[in-house]
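Secondary and tertiary structure notes
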Amino acid sequence: MAKYVNSNPKAYQTRRIQLSACHRLHSPSLSDAENKEIYGKCNHINGHGHNYIVNVTLFGEIDTKTGMIMNMTDLKKYMEEAIMKPMDHKNLDKDIDYFSTRPSTTENVAIFIWMRMKEIMQKPDLLYEVEVHETENNIVKYRGD
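Note that the structure is predicted; figures quoted are calculated from it, not measured.

**Structural notes on the pattern of salt bridges**
All chains considered together, the criterion is met by four salt bridges. The closest approach of N and O atoms between Glu-119 and Arg-116, which form a salt bridge, is 3.6 Å. With a gap of three residues between them, Glu-119 and Arg-116 both fall in helix α4 (residues 106-120), about one helical turn apart. Salt-bridge contacts for Arg-143 lead to Glu-129; the nearest nitrogen and oxygen are separated by 2.7 Å. Residue Arg-143 is found in the segment after β5 (139-142), and its partner Glu-129 is found in strand β4 (residues 127-133); the two are separated by 14 residues along the sequence. A relative accessible area of 7% places Glu-129 in the buried class.

What follows is the structure, given as structure tokens:
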């Protein structure tokens, strides 16, 4: 059996959740005509909904005692607090202040989730990536850049 070359091995750990929310793609810094031209049917006055899939990935050293980067139960709790409580079954534009000044694009949703996870996690430096699937074809990954 081969010896560990790396005494502190690192790994990626991902947890997936699904949430339902509605939104309207509309930028307060654009005119109504510009919004309609840019966002098309997604700018409809009454908005539309998605069943978002969110993957949160951590990267870090595997604890030699527990064999884990983070206990999945803890990651689940952080995601409940950071993502599900404020976003699930909500109108993103009306229920979340962050989106009152910016359009609720998938890019901005990913950034919002990143910021919330960083605020809530006990070890925020482990956060590597937030991946948001707005649809099966529209996916955004954000790594804090």
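Now that the structure has been shown, the text picks up again.
**Observations concerning α4**
End to end, α4 covers 21 Å across 15 residues, agreeing with the expected 21 Å (1.5 Å per residue, within 8%). Lining the buried residues of α4 we find β2 (48-61), α2 (72-87), α3 (92-95), β4 and β5.

**Side note on α2**
Taking 1.5 Å per residue as the helical rise, α2 with its 16 residues ought to reach 22 Å, and the 21 Å between its terminal C-alpha atoms agrees with that figure. Glu-80 marks the point of greatest bend in α2, at about 40 degrees. When we look at burial in α2, the residues that qualify are Leu-75, Tyr-78, Met-79, Ala-82, Ile-83, Met-84, Pro-86 and Met-87. Two residues or fewer after α2 comes His-89, characterised by a positive phi angle close to 55 degrees.

**Details of the sheet that holds strand β1 (residues 10-23)**
Taken together, five strands build an open sheet; the order of strands is β3-β1-β2-β4-β5 and the sheet is mixed. Looking along the sheet, the strands with just one partner apiece sit at the ends: β3 (90-91) and β5. As paired elements, β1 and β2 share 14 bridges and run antiparallel to each other. Counted as the bridge partner of Leu-19 is Tyr-52 from β2. Here α2 sits on the sheet in contact with β1, β2 and β3, set at roughly 25 degrees to β1. Along the sheet face, α4 touches β2, β4 and β5 and points at about 145 degrees away from the line of β4.

Conventions we followed
- Residues numbered from 1 in each chain as written.
- Predicted model: local features only at pLDDT ≥ 70, side-chain atom pairs only at ≥ 80, totals over all residues.
- Heavy atoms only, no water.
- Salt bridge = Lys/Arg side-chain N within 4 Å of Asp/Glu carboxyl O.
- Helix = DSSP H or I, 4+ residues; strand = E, 2+ residues; numbered from the N terminus.
- Buried < 20%, exposed > 50% of the residue type's maximum accessible area, 1.4 Å probe, protein only.
- Expected span 1.5 Å × (residues − 1).
- Contact = heavy atoms within 4.5 Å.
- Bend = angle between axes of the 7 residues up to and from the residue.
- Pairing = 2+ DSSP bridges.
- Axes fitted to C-alpha atoms, helices over the stretch in contact; angles between N-to-C directions.

These values are about where atoms sit, not about what they do.
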